[in-house]
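Structural overview
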Amino acid sequence: MRYLVTGGAGFIGSNTVDELVRRGHSVVVLDDLSAGKEENLTEVRSKITFIKGSITELEIVQKAMLQADYVIHLAARASVPRSVKDPIETNRINVDGTLNVLVAARDNKVKRVVFAASSSVYGETPTLPKSEDMRPLPISPYGVSKYVGELYSQTFGRCYGLENVCLRYFNIFGPRQDPDSPYSGVLSRFATAFLESTQPVVFGDGEQTRDFTYVDNAVQANILACEAPSASGGTFNIGTGRSISLNQVLQMLQNIAGKKLAAKYEPPREGDIRDSLADIRRARETLGYEPTVMFEEGLQRTFAWYLAQSAKKVAN
Ligand code: UD2
C-alpha cells in the first residue's frame with residue numbers, strides 16, 4: 001500500500017514512517033521542516049519519497065497525494081500556548097492546511113484519511129475519563145483548530161464519501177520529540193533538564209495531570225486506523241487510560257536520572273487544561289488498539305534516547 005504521511009519528518013510522523021517502511025509499505029512524506037527534521041528520516045531516507053512543502057499550498061499537497069491509498073495527516077502547528085500567542089497562524093496551518101489535505105484526498109480518491117486530533121478538544125469538561133461522546137469544549141485556539149479538523153474530516157465523509165478517522169491523541173511523548181522550543185512538550189523539556197542539570201520549569205503547582213502516551217502506541221493507532229474495517233467516520237481517544245501529575249513525573253525522573261533537581265514553579269499557562277485522562281474503550285473495540293508501552297517504561301526509553309543523543313553530540 002502507498003501511504004502519504006504529512007508531517008512525516010516530525011516526531012510522531014517519523015516514528016510512523018519507520019514502522020510503515022518496516023512493514024514493507026511505500027511511503028511519501030510531505031513536510032515543510034518547520035518543526036520536523038530530515039535527520040529523523042535518516043534510517044529510511046533511501047526507501048521513501050520526501051517532498052519538502054507545506055500543507056498550506058494545495059498544489060504541493062495534490063502532487064504529494066498522487067496514487068496514495070492512505071493518508072496519515074499529522075502536519076500541524078502543535079502547542080496550546082503558541083496558539084494563544086498567534087491564533088491566526090495556528091488556524092492557517094491546522095484548519096486551512098487540513099482542508100487542503102482533505103480536498104486533495106477527495107480528488108485523488110484515496111481510501112481513507114486519518115487525522116491527528118487532540119485531547120485538547122475536551123477543554124474543561126469536568127468529567128474524567130474523557131469519552132468520545134462528551135461534547136467538546138475547547139479552551140484554546142489550538143483545541144478549536146483540532147476540533148474543526150475533525151468536523152471537516154467527518155463532513156468530507158458525508159459530502160464526498162471520503163473515508164476518515166479522527167484520533168484524539170493524549171499527550172504523546174518519546175524519542176525525537178524536539179526539546180528545543182519553548183513550546184515543546186513537557187516531557188522533552190523535563191528529560192533534557194535532567195540531562196543538563198538545569199531547573200525544570202513547572203507552570204502551575206505541578207498537580208495537573210495528563211495521560212502521557214508513549215509514541216509507539218500512537219504509531220500503532222495510526223496504522224490500525226487506516227486498516228480497521230468499520231472505523232470510518234469515527235473519533236477515537238488514543239491514550240493509555242492512566243494519568244499522572246507533573247510532580248509525580250519529576251519524582252520518577254529523579255529516580256531514572258539518579259539526581260535530584262528542584263523545580264522552578266511559575267504561574268499556570270493560559271489555555272491549559274487541569275486534568276486529562278482518556279477512556280480508550282472505543283479504540284480498543286473498534287480499532288483493536290491496545291497500549292503496549294505504559295508510562296514508566298516509556299519514560300525510561302525516552303530518557304535513554306535523549307542521553308544517547310547528547311552523547312552523540314559530544315562525540316561529534
Ligand atoms: C496539548 C494536548 C495534547 C497535544 C499537545 C500538542 C491536552 C490535555 N493535551 O498538550 O494532546 O495535542 O497539546 O501540543 O490538551 N508544562 C510545564 N513545563 C514546561 C512545559 C509544559 O509545567 O516546560 C506544563 C503545561 O503548562 C501543561 C503540561 O505541562 O500543564 C503539559 O504541557 P504540554 O505542552 O506538554 O502539553 P499539553 O497538555 O498542552
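Residues numbered from 1 in each chain as written. Predicted model: local features only at pLDDT ≥ 70, side-chain atom pairs only at ≥ 80, totals over all residues. Heavy atoms only, no water.

Looking at the nonpolar core
Within the largest apolar cluster, 64 residues are counted, with the highest numbers of intra-cluster contacts made by Val17, Leu167, Tyr169, Ile238, Leu287 and Phe295. Per-element tally for this core: the top contributor is helix H7 (residues 215-227), with seven residues. Both domains that meet at this core, namely domain 1 (2-173 + 214-241) and domain 2 (186-209 + 242-276 + 294-315), each give it at least three residues. Once you skip the residues sitting within four places of it in the chain, Val17 turns out to touch Val5, Gly8, Val27, Val29, Leu41, Val44 and Ile48. In terms of nonpolar packing, the next biggest core, distinct from the first, is built from 21 residues, Val28, Ile55, Ala68 and Leu102 among them. (Core = buried A, V, L, I, M, F, W, Y, C linked by side-chain atoms within 4.5 Å. Buried < 20%, exposed > 50% of the residue type's maximum accessible area, 1.4 Å probe, protein only. Helix = DSSP H or I, 4+ residues; strand = E, 2+ residues; numbered from the N terminus. Domains from an automatic or database assignment. Contact = heavy atoms within 4.5 Å.)

Side note on unusual backbone geometry
Backbone geometry follows two general trends: most residues other than glycine have a negative phi, and most peptide bonds adopt the trans configuration. That bond from Leu128 to Pro129 is cis: its omega, -10 degrees, falls within 30 degrees of zero. Note on placement: Pro129 falls in the loop between strand E5 (112-118) and helix H5 (141-160). A positive phi angle, close to 50 degrees, is found at Lys109, a residue other than glycine. Residue classification places Lys109 among the exposed positions, given a relative accessible area of 70%. For Ser197, which is not glycine, the phi dihedral falls at a positive 50 degrees. Of note, Ser197 is situated in the loop between helix H6 (186-196) and strand E8 (201-203). Judged by its relative accessible area of 44%, Ser197 is partly exposed.

Considering the pattern of salt bridges
For the structure on display, the rule yields 19 salt bridges. The partner of Arg301 in a salt bridge is Glu297, and the shortest N-O contact between them spans 2.6 Å. Remark: Glu297 and Arg301 occur in helix H10 (residues 295-315); sequence separation between them is four residues, near one turn of the helix. Using a relative accessible area of 34% as the deciding quantity, one classes Arg301 as partly exposed. Taken together, the shared-partner salt bridges connect Glu19, Arg22 and Arg23 into one network. (Salt bridge = Lys/Arg side-chain N within 4 Å of Asp/Glu carboxyl O.)

A few points about the site of the ligand
The immediate surroundings of the ligand are formed by 23 residues, with Ser118, Val186, Val201, Arg210 and Asp272 found nearest. Between the ligand and Ser119 there is a distance of 2.9 Å, counted from an oxygen atom to a side-chain nitrogen or oxygen. The separation between an oxygen atom of the ligand and a polar main-chain atom of Phe203 is 2.8 Å. Every element with two or more residues in the shell around the ligand is listed here: H6 and E8. Ranked by residues supplied to the shell around the ligand, first place goes to E8 with three residues. In the shell around the ligand, the residues fall into eleven nonpolar, eight polar and four charged. Residue assignment places the shell around the ligand across two domains, with domain 1 (2-173 + 214-241) and domain 2 (186-209 + 242-276 + 294-315) each supplying three or more. (Near = heavy atom within 4 Å. Polar contact = N/O pair within 3.5 Å; in protein donor to acceptor, adjacent residues only side chain to side chain. Nonpolar A, V, L, I, M, F, W, Y, C, P; charged D, E, K, R; others polar.)

Notes on the side chain of Ser145
Within the secondary structure, Ser145 is located in helix H5. Relative accessible area serves as the criterion here: at 1%, Ser145 is assigned to the buried category. Once residues lying within four places of it in the same chain are set aside, the contact partners of Ser145 are Thr90, Asn94 and Val95.

Re H5
In this model, H5 (20 residues) spans 27 Å end to end at C-alpha, consistent with the 28 Å of a helix rising 1.5 Å per residue. Among all positions of H5, only Tyr142, Gly143, Ser145, Lys146, Gly149, Glu150, Ser153, Gln154 and Phe156 are buried. Residues of H5 that are buried sit in contact with helix H3 (80-85), helix H4 (87-107), E5, strand E6 (164-169) and strand E11 (234-238). One or two positions beyond H5, positive phi appears at Gly161, with a value near 70 degrees. (Expected span 1.5 Å × (residues − 1).)

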